[in-house]
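Here is what each chain is made of, one letter per residue.
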2 protein chains.
Amino acid sequence: MPELAQPIVRLIDEFAKLPGIGRKSAERLAYYVLRVKTEEALALSDAIRAVKLNVHQCKNCYNLSEEDYCPICQDKSRNERQICVVEQPQDLIALEKTGVYHGLYHVLQGRLSPLDKTGPEDLTIAPLIQRVERLIKQSSPNDPEVELIMATNPTVEGDATAGHIVNLLNGKKVKISRLARGIALGAMVEFTNREVLSDAFNERRIVE
Amino acid sequence: MPELAQPIVRLIDEFAKLPGIGRKSAERLAYYVLRVKTEEALALSDAIRAVKLNVHQCKNCYNLSEEDYCPICQDKSRNERQICVVEQPQDLIALEKTGVYHGLYHVLQGRLSPLDKTGPEDLTIAPLIQRVERLIKQSSPNDPEVELIMATNPTVEGDATAGHIVNLLNGKKVKISRLARGIALGAMVEFTNREVLSDAFNERRIVE
């Protein structure tokens, strides 16, 4: 039986490595690439190359950036005494879309996960602690306190990651908060699961 | 709100053009590319480029090939007086996997589809007719008859495409067959749908 041409096999293999793309989908994608105009296929090829060659981590907050420092860290109008800690760049985007936050960020590049063998040294926790310590040191007496806002995912691993950072900052002159947790706006109590409801119950607020 | 870095937006746009990849999947793929090692990402980029630059259509049967003529057309041991007509290269691969056929192929590059505005001129029907006429002309008197085996999909469009080709060859000295149609091996009559069952009924064979 004659084999598929080698470049096609290679392309199918490469597509199949992508998350959520099985063998059959990879074949479909490869045949699609074969079918479309050469310019269209090369546009995808070039976009992949460009993103790897031109996008780096911001030297301050580890957000993705085309320059040494990301647009948020470069924006002098933002409050640099507030640092919102997120797991990944996508979380930062989601928070920015709300438009309610005007401080800076710190992207951990993941979360602590013993099962995936991700320890503190695999995340950007050390640079975060240094950032906070530097901020505290540079404070003048009438500056507001430095605030760290934990926005890791409300999961066991996200909570553990936030807890680890809180421990490291124990005794330091820094205010630490985390995103409120409860029933989501627009949700139905009837259909909200037990864990979310107990969270909402435990975090209930006095109506004044 | 600061925008996503331009190369990332471009990559998401390109991924989103792929079939079956929605906006959200495209974002996930783009962040995956950002996360993996540069070599891995460039391997995908290069594989796309290589397939477009090195894989062409066979000049005889329009199968995909790295050379002017595909391995099947180059194989002198195959019966060149049998031509199996398929819609796309994937169909050829599926048929080759069975190992029962030892003739050549002709890849139509699609099927007649008025809804998608695909007419006979968009397919490789004209070169197929020429191939058949050339074969008939070159025949010596004791050669077996040229055979065209229609293996288009058993759908309205596939059948129409095969019918169109059969009409064009009307009166020519060529035997035309098509793949048998009926209940699939291993299927249950109880759960086979009406159309398939009537097909199987109409095409019933005398047991000798």
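Residues numbered from 1 in each chain as written. Chains lettered and ligands numbered in written order. Predicted model: local features only at pLDDT ≥ 70, side-chain atom pairs only at ≥ 80, totals over all residues. Heavy atoms only, no water.

Visitor: Tell me what's going on with the nonpolar core, and back it up with residues and numbers.
Guide: Counting residues in hydrophobic clusters, the biggest one holds 46 residues, and the most contacted among them are L11(A), F15(A), I48(A), L11(B), F15(B) and I48(B). For this core, the secondary-structure elements that each account for two or more residues are α1 (6–16), α2 (23–35) and α3 (38–54) of chain A together with α1 (6–16), α2 (23–35) and α3 (38–54) of chain B. (Core = buried A, V, L, I, M, F, W, Y, C linked by side-chain atoms within 4.5 Å. Buried < 20%, exposed > 50% of the residue type's maximum accessible area, 1.4 Å probe, protein only. Helix = DSSP H or I, 4+ residues; strand = E, 2+ residues; numbered from the N terminus.)

Visitor: Provide a residue-level description of the sheet that holds strand β4 (residues 103–107) of chain B, including the pertinent values.
Guide: Residues and elements named next belong to chain B. Taken together, the 4 strands give an open sheet; going across it, the order is β4-β3-β5-β6, and neighbouring strands pair in parallel fashion. Each edge of the open sheet is held by one strand with a lone partner, namely β4 and β6 (174–178). Direction aside, neighbouring strands of the sheet carry axes that sit 25° apart on average. Here strand β3 (residues 79–86) runs beside strand β5 (residues 146–150); their pairing, made up of 4 bridges, is parallel. In the strand pairing of β5, C84 is matched with I149. Across the face of the sheet, helix α6 (residues 125–138) comes into contact with β3, β4, β5 and β6 while running at roughly 160° to β3. Each of β3, β5 and β6 touches helix α7 (residues 156–168); the most contacted strand, β5, lies at about 160° to it. (Pairing = 2+ DSSP bridges. Axes fitted to C-alpha atoms, helices over the stretch in contact; angles between N-to-C directions. Contact = heavy atoms within 4.5 Å.)

Visitor: An account of the relation of the copies chain A and chain B is requested, with residue identities and associated values reported.
Guide: Mapping chain A onto chain B calls for a screw motion: a turn of 180° about the axis and a shift of 0.0 Å along it, with 0.1 Å RMSD after fitting. The two molecules are tied by a two-fold rotation axis, judged by turn and shift. Identified as the residue of chain A closest to the rotation axis by C-alpha distance is S45(A), at 2.1 Å. A share of 100% of the interface residues of chain A reappears at the interface of chain B, consistent with the copies meeting face to face through the same patch. (Least-squares fit on C-alpha atoms with pLDDT ≥ 70 in both.)

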